[in-house]
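Spelled out, the chains give:
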Amino acid sequence: MITDQERHVIDHSLGYPKRGRKPYRNHFCTGEGSDDWETCQALCARGLMVSRKPSELTGGDTLFIVTDAGKAALKVKP
């Protein structure tokens, strides 16, 4: 089971794949201390997202990617 905030982060990461629309992206950038940081960390700890190191491309933020398990939590086809 995922929280409403976790659902929001995964939905946003995938481009809000609702009503038959397919996901058109798979990333979420945020930094330590942001409102979404703890949520992304919790999703990673449960295997629903993975993180990549901050880079120039992400403006110095950490990049989070939804896993197949994260997609399944929303019942979205991988």
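These numbers were taken from a predicted model, which means no experiment stands behind them.

A. Structural context of the sheet that holds strand E1 (residues 28-30). Spatial strand order, E1-E3-E2: three strands in an open sheet with antiparallel pairing. For this open sheet the edge positions go to E1 and strand E2 (49-52), each flanked by a neighbour on one side alone. Geometrically, the sheet is characterised by an average inter-axis angle of 30 degrees between neighbouring strands, direction not taken into account. Pairing of E2 with strand E3 (residues 62-66), which is carried by four bridges, proceeds in the antiparallel orientation. Bridging from a neighbouring strand, Arg-52 pairs with Leu-63 of E3.

B. Quick peek at the packing of helix H1 (residues 4-14) against helix H2 (residues 37-45). H2 packs onto H1 with a crossing angle of 85 degrees between their chain directions and a minimal axis gap of 10 Å. Here H2 runs roughly perpendicular to H1, going by the angle between their axes. In this structure, H1 uses Gln-5, Glu-6, Val-9 and Ile-10 to contact H2, whose residues at the interface are Thr-39, Cys-40, Ala-42 and Leu-43. For the contact of H1 with H2, a count of residues per class yields five nonpolar, two polar and one charged.

The rules behind the values
Residues numbered from 1 in each chain as written. Predicted model: local features only at pLDDT ≥ 70, side-chain atom pairs only at ≥ 80, totals over all residues. Heavy atoms only, no water. Pairing = 2+ DSSP bridges. Helix = DSSP H or I, 4+ residues; strand = E, 2+ residues; numbered from the N terminus. Axes fitted to C-alpha atoms, helices over the stretch in contact; angles between N-to-C directions. Parallel < 35°, antiparallel > 145°, perpendicular 65-115°, else oblique. Contact = heavy atoms within 4.5 Å. Nonpolar A, V, L, I, M, F, W, Y, C, P; charged D, E, K, R; others polar.

Take it as geometry only, folks, not as evidence of what the structure does.
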